[in-house]
Amino acid sequence: MISEVIPNLLHSVPVDDTWITFDVNSFTQNFWSSTFDGLTFGAIYALVALGYTLVYGVLNLINFAHSEVFITGCYGVFFTLSALNFGPSAPRLGFWAIVGNLVLALVVAIIASALMAVIVERVAYKPLRQRKAPRLAFLITAIGVSFAIQYTIYWWRGPSPEAALTMFRPLAIFDVFGTIIDSQQVVIVVAAIILMIATDQFIRRSRTGRGIRAVAQDPDTATLMGVNKEKIIVTTFIIGGILAGAAALFYVMKIPSGVQYNGGFILGVKAFAAAVLGGIGNVRGALLGGLLIGLIGNYGQVLLGSSQWTDVVAFVVLVLVLIVRPEGVLGSSLGKSKA
Amino acid sequence: MSTTDGPTLIPDDASAQEIADREAKMRQRKGWFPGLSDKWNALPRQTQWLILIVVVVIAYLLPILNPPLITTEPGNNWQIALAQMSVYALVAVGLNVVVGYAGLLDLGYVAFFALGSYTAAMFTSPDSPYVHIPYLWTLPLAMAVAMFFGVVLGVPTLRLRGDYLAIVTLGFGEIVRILATIIPAMKGQVGFQNVGHPPGTDSSGQPIFLNSSGTPWYWLTLTIIIVVLLAAGNLERSRVGRAWIAIREDEDAAEIMGVPTFKYKVWAFAIGASVGGLSGALFAGQVGFVNNQKFDIATSILFVAAVVMGGTGNKVGAILGGALVAYIPLRFTAIAEFKYLIFGAALVVIMIFRPGGLLPARQSLLAYGRLAYNKLKGAAGDIPASGKVVLEQGKGADNE
């Protein structure tokens with residue numbers, strides 16, 4: 001029996017055409033363009049990752065519904081801009097009119113996301129906190145809320161993505177190292193970095209930020225010292241929501257066809273990976289992790305020749321980094337960071 | 001209370017009574033059926049077995065009984081629904097070993113499920129150019145393949161704790177899914193049709209195991225679940241199981257007390273993975289079609305939800321959770337647009353009102369034997385030489 005099977009096995013296993021190829025040529029040619037693109041995506045991941053990292057720092061839990069907070073922001077952007085007649089092609093408006101419209105969309109997205117974040121906290125986390133539930137229970141309510149939001153959107157908007165919106169024609173094009181950088185990339189990266197510096201400074205310098213760090217370090221002692229823990233937790237969710245709303249605007253700029261009921265999920269997973277890569281609970285780590293995940297994914301895509309590879313490469317690098325540095329690149333330190 | 005300064009090692013009657021009262025009150029607050037688990041534990045072994053046999057017989061009769069109200073018809077074929085529920089239950093039993101016993105949060109369990117499915121598909125489907133083997137052979141093969149990858153994933157990553165481990169396993173699940181899309185041999189979205197099934201024909205010459213027939217698959221999976229449960233129960237009570245519980249409760253303490261934590265974590269991962277592979281192969285056989293669409297992260301998270309909703313660390317809870325996770329969307333097909341909405345809301349409501357899951361793990365003294373357990377709980381009187389517990393009325397644990 002075995003003697004029959006083995007030669008059979010050897011003969012019938014076909015030699016596949018190679019499914020993994022390294023296109024170094026393409027990599028060197030596209031190095032700068034993929035770098036700039038990677039940084040753009042990285043900035044978006046980093047903004048979403050901040051939401052994960054802040055909530056993790058304060059509550060020690062993975063807020064799985066954060067991707068839905070983000071997608072709520074995307075819908076906020078979509079509806080605002082649709083109402084303002086942005087369509088497949090951008091309306092012919094003056095510079096300041098476009099900026100004004102985008103700021104309006106940003107404000108709507110931020111409000112939508114922050115509201116959703118507070119709703120998630122109220123529905124999924126607060127009742128469990130009051131009952132002193134085990135940590136895994138929080139994970140499941142997060143998943144439940146995430147499902148409920150996703151399928152509410154599904155039921156309302158259907159399964160297909162929303163029509164793509166064009167935000168603006170590239171206003172200015174820079175030429176760096178022979179590679180074209182359009183104004184969107186500049187706007188996204190600069191705005192994201194400003195937001196992140198603002199968040200970092202807010203947490204380091206403001207009174208509320210001190211409260212957040214205190215709760216992250218030791219909730220009970222912080223409460224004894226007069227910190228209103230519940231208020232701090234809600235504030236943390238609101239900050240995460242605001243950043244997710246901003247990320248939503250940039251995401252719709254970058255991927256206009258990405259507004260879909262489950263469109264936030266994979267991005268959320270990658271943003272969470274970014275937060276972990278930088279060291280979850282560490283605000284600066286989220287920035288570093290986001291940029292790294294964006295860059296590495298894009299390099300992998302160019303090197304291996306298919307956009308499918310983006311996520312695989314990102315996750316493989318994540319695993320490798322975590323094996324060497326189990327606490328992430330910068331370590332987790334929202335509570336430990338010095339004032 | 002005693003007046004001495006130090007802690008009293010031997011509680012006097014009053015404080016013992018106080019402790020017992022507090023325990024009883026806690027139990028009442030915790031359960032829907034207060035004292036049920038104590039009553040169950042106080043029953044003689046023989047009676048327990050008899051009740052279990054009745055439950056198992058009812059479980060086997062479910063596809064024929066087709067109970068009204070519970071049934072998923074007219075929306076879904078009840079027998080096929082049962083087959084799917086049983087596969088999910090088996091998945092939950094396997095994942096319960098990892099999450100429930102060893103306390104390792106594995107968010108990428110779907111990877112092992114996928115590996116099992118692909119093993120079954122690639123060795124039995126006519127679409128596959130590889131050597132073909134009878135379907136039943138793929139079950140142990142799927143277990144072996146999944147176990148191998150469980151070790152491959154476990155050895156480098158199990159140094160990580162908690163959420164870091166969660167994200168790494170999540171990444172692994174996603175990597176397997178994307179590789180199934182990229183690698184030509186796994187045929188991406190085209191997938192494999194006509195996955196094999198167990199042999200056997202009925203009197204009219206029709207094969208017994210068809211994709212359109214749920215009952216035989218349900219019975220097969222149910223039988224496998226019972227076998228796995230017996231094995232898992234034995235593991236739970238063995239040295240390995242005690243090591244797992246120790247790791248779950250406090251990994252550092254376990255390590256210091258001489259438990260080789262890393263080794264047992266890999267064990268848990270490998271055993272859990274093999275059950276995942278087995279259920280994947282059964283799933284592939286029943287559905288008859290495997291492609292890359294069914295193994296996404298959402299499914300993986302559903303598996304974890306099944307275990308936690310049922311009650312981490314409780315075998316019966318895991319089965320219940322797994323079956324429910326499959327059942328709720330099937331039951332509400334009539335209002336298809338809302339079914340996942342209902343499902344999500346159900347998850348939240350269940351966890352808010354039952355934070356420990358539907359059937360919380362018994363915090364029983366696993367380190368002791370059954371007799372010592374009963375004695376400590378006050379259920380047993382004298383233990384005769386025969387080793388049989390004599391229950392005294394009025395002194396039992398059910399006397400509350």
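Residues numbered from 1 in each chain as written. Chains lettered and ligands numbered in written order. Predicted model: local features only at pLDDT ≥ 70, side-chain atom pairs only at ≥ 80, totals over all residues. Heavy atoms only, no water.

Novice: Hey, could you run me through the overall build of chain A in this one?
Specialist: Across its full length, chain A carries 13 helices and two strands. Pairs at least 24 apart in sequence give 80% of the contacts found in chain A among residues at least 6 apart. (Helix = DSSP H or I, 4+ residues; strand = E, 2+ residues; numbered from the N terminus. Contact = heavy atoms within 4.5 Å.)

Novice: Just to check I follow, could you spell out the interface of chain A and chain B for this structure?
Specialist: By convention, interface size is frequently given as the accessible area that disappears when the constituent parts associate. Taken together, the contact pairs 54 residues of chain A with 47 residues of chain B. Of the roughly 4500 Å² buried at the junction of chain A and chain B (both faces included), carbon and sulfur atoms supply 81%. Our enumeration of links across chain A and chain B arrives at zero salt bridges. No other element matches helix α6 (residues 135–157) of chain A, which puts 14 residues into the side of chain A that touches chain B. Split by residue class, the side of chain A that touches chain B holds 39 nonpolar, nine polar and six charged. (Buried area = accessible area lost by both parts, 1.4 Å probe. Salt bridge = Lys/Arg side-chain N within 4 Å of Asp/Glu carboxyl O. Nonpolar A, V, L, I, M, F, W, Y, C, P; charged D, E, K, R; others polar.)

Novice: Looking at this structure, I do not really get unusual backbone geometry. What am I missing?
Specialist: A negative phi angle characterises most non-glycine residues, just as the trans form characterises most peptide bonds. Of note, Asn60 of chain A is a non-glycine position whose phi angle comes to about 60 degrees, a positive value. As for its placement among the helices and strands, Asn60 of chain A is situated in the loop between α3 (31–59) and α4 (66–83). One non-glycine residue, Asn194 of chain B, lies in the positive phi region at around 50 degrees.

Novice: Please explain the packing of aromatic side chains as it appears in this structure.
Specialist: Here the distance between the centres and the angle between the planes together describe a pair of aromatic rings. Residues and elements named next belong to chain B. On inspection of all chains with the given rule, the structure shows 28 aromatic pairs over all chains. Seen from their ring centres, Phe113 and Phe283 are 5.1 Å apart, and the 45 degrees between their planes marks the pair as tilted. Taken together, the positions of Phe113 in helix α5 (residues 110–124) and Phe283 in helix α11 (residues 261–287) put the pair 170 residues apart, joining distant regions of the chain. Taking relative accessible area as the criterion, Phe113 reaches 3% and is therefore assigned buried. On the accessibility criterion, Phe283 (13% relative accessible area) is buried. (Phe/Tyr/Trp six-rings, centres within 6.5 Å; stacked < 30°, edge-to-face > 60°. Buried < 20%, exposed > 50% of the residue type's maximum accessible area, 1.4 Å probe, protein only.)

Novice: How should I be thinking about a nonpolar patch on the surface in this particular structure?
Specialist: All names here are of chain B. Taken together, Ile53, Val54, Val57, Ile58, Leu61, Ile64, Leu65 and Trp219 make up a surface patch of nonpolar side chains, about 730 Å² in accessible area. For the nonpolar patch, the element with the most residues is helix α3 (residues 45–65), which contributes seven residues. The residue Ile53 is located in helix α3 in this model. (Patch = residues over 30% accessible without salt bridge, like charges linked within 9 Å, V, L, I, M, F, W, Y side chains within 5 Å. Areas by Shrake-Rupley, 256 points an atom, 1.4 Å probe, with all protein chains shown as cover.)

Novice: Hey, could you run me through the packing of helix α5 (residues 95–130) of chain A against α6 of chain A in this one?
Specialist: A packed helix pair is summarised by two numbers, namely the angle formed by the two axes and the spacing between the axes. All names here are of chain A. One can describe the packing of α5 onto α6 by two numbers: an axis separation of 10 Å at closest approach and a directional angle of 145 degrees. Read as a crossing pair, α5 and α6 show a hand that is right-handed. Between α5 and α6, the contacting residues are Met116, Val120, Val123, Ala124, Tyr125, Leu128 and Arg129 on the first element and Ala137, Phe138, Thr141, Ala142, Val145 and Ile149 on the second. Classifying every residue of the contact of α5 with α6 by side-chain character gives 11 nonpolar, one polar and one charged. (Axes fitted to C-alpha atoms, helices over the stretch in contact; angles between N-to-C directions. Left-handed = near helix turned anticlockwise from the far one by under 90°.)

Novice: Explain the nonpolar core to me, please; I cannot follow it from the model alone.
Specialist: Core analysis: the biggest nonpolar cluster contains 209 residues, and Phe70 and Phe250 of chain A together with Phe112 and Trp244 of chain B have the highest contact counts within it. Apart from residues no more than four positions distant in its own chain, Phe250 of chain A is found in contact with Ile44, Leu47, Ile188, Ala191, Ala192 and Leu195 of chain A. (Core = buried A, V, L, I, M, F, W, Y, C linked by side-chain atoms within 4.5 Å.)

Novice: Could you clarify how one ought to interpret the packing of α4 of chain A against α6 of chain A in this entry?
Specialist: Residue and element names in this part refer to chain A. In contact at an axis separation of 10 Å, α4 and α6 are set at 25 degrees when each is read in the N-to-C sense. Accordingly, the angle class assigned to the pair α4 and α6 is roughly parallel. Across from Glu68, Ile71, Tyr75, Phe78 and Phe79 in α4, the residues of α6 making contact are Ser146, Ile149, Gln150, Ile153, Trp156 and Arg157. (Parallel < 35°, antiparallel > 145°, perpendicular 65-115°, else oblique.)

Novice: So what exactly am I meant to see when it comes to empty space enclosed by the protein here?
Specialist: The method is simple in principle: a probe with the dimensions of a water molecule rolls over the atoms, and the space it marks as empty is what remains. Taken as a whole, this structure holds two cavities of 30 Å³ or more when the rule is applied. The computed volume of the largest cavity comes to approximately 50 Å³. What lines the largest cavity is Tyr52, Phe64, Ser67, Phe265, Gly268, Val269 and Phe272 of chain A together with Leu170 of chain B. Looking at the lining of the largest cavity residue by residue, the classes come out as six nonpolar, two polar and no charged. (1 Å grid on protein atoms, 1.4 Å probe; cavity = no way out; pocket = protein on both sides within 12 Å on 5 of 7 lines; lining within 4 Å. Points joined across faces, edges and corners; volume = space filled by probe spheres on them.)

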